[in-house]
Amino acid sequence: RRVEERQQHLVEVTARIQTALGDVHDCDVWMESVGKEILSARKQKQPDRVVALMWLLSYLVKLRTKHLRDAFAYWGDWEKQDVSGKLREILAVDHK
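Residues numbered from 1 in each chain as written. Predicted model: local features only at pLDDT ≥ 70, side-chain atom pairs only at ≥ 80, totals over all residues. Heavy atoms only, no water.

Novice: Before we move on, could you go through unusual backbone geometry and cite the residues and values that matter?
Specialist: Located in the positive-phi region is K45, a residue other than glycine, with phi close to 55 degrees. Tracing the backbone through its elements, the reader meets K45 in the loop between α1 (2–43) and α2 (47–80). Even without a glycine there, the phi angle at D82 is positive, about 50 degrees. Tracing the chain through its elements places D82 in the loop between α2 and α3 (83–94). (Helix = DSSP H or I, 4+ residues; strand = E, 2+ residues; numbered from the N terminus.)

In structure tokens form, the structure reads like this:
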């Protein structure tokens, strides 16, 4: 049972990093899309739309920063707990 709990903890730590990095990626995709919409709104001379999209872009930058900070914090935990080494140990035992 103890081994299963240890493995579950490692899975959870890994999932947190993966989720945070996925959230960073999602923000990157949205920011690229919003950036294109801003250019389009400028060309179409839609200043109100530009202002709204700039607000959205600013929000996405802040959200991305939050997710990136989370990922770095989780990575720090990953390193402190030697999750990578422990995962390699588990995989080596499972394949023997």
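Let us keep going from here.
Novice: Which residues make up the environment of W30, and what are the values?
Specialist: Of note, W30 is situated in helix α1. On the basis of relative accessibility, which here comes to 55%, the residue W30 falls in the exposed class. Separated by 27 residues in sequence, W30 and L57 have C-alpha atoms that sit 8.4 Å apart. (Buried < 20%, exposed > 50% of the residue type's maximum accessible area, 1.4 Å probe, protein only.)

Novice: Tell me about the side chain of H67, and name the residues and values.
Specialist: For H67, the position within the fold is in helix α2. Residue class for H67 comes out buried when judged on its relative accessible area of 13%. When sequence neighbours within four positions are dropped, the list of residues in contact with H67 reads A20, D23, V24 and C27. (Contact = heavy atoms within 4.5 Å.)

Novice: Outline the packing of aromatic side chains, supporting the account with residue identities and numerical values.
Specialist: By convention here, two paired aromatic rings are described through the distance between centres and the angle between planes. Inspection of the entire model under this criterion finds two aromatic pairs. Relative to Y59, the ring of W55 lies with its centre 5.8 Å away and its plane at 10 degrees, an arrangement referred to as stacked. One end of the pair, W55, and the other, Y59, are both in helix α2, four residues apart, so they sit about a helical turn from each other. Aromatic side chains W75 and W78 sit 5.7 Å apart centroid to centroid with 10 degrees between the ring planes, which places their arrangement in the stacked category. (Phe/Tyr/Trp six-rings, centres within 6.5 Å; stacked < 30°, edge-to-face > 60°.)

No statement about biological role is implied by the geometric values presented.
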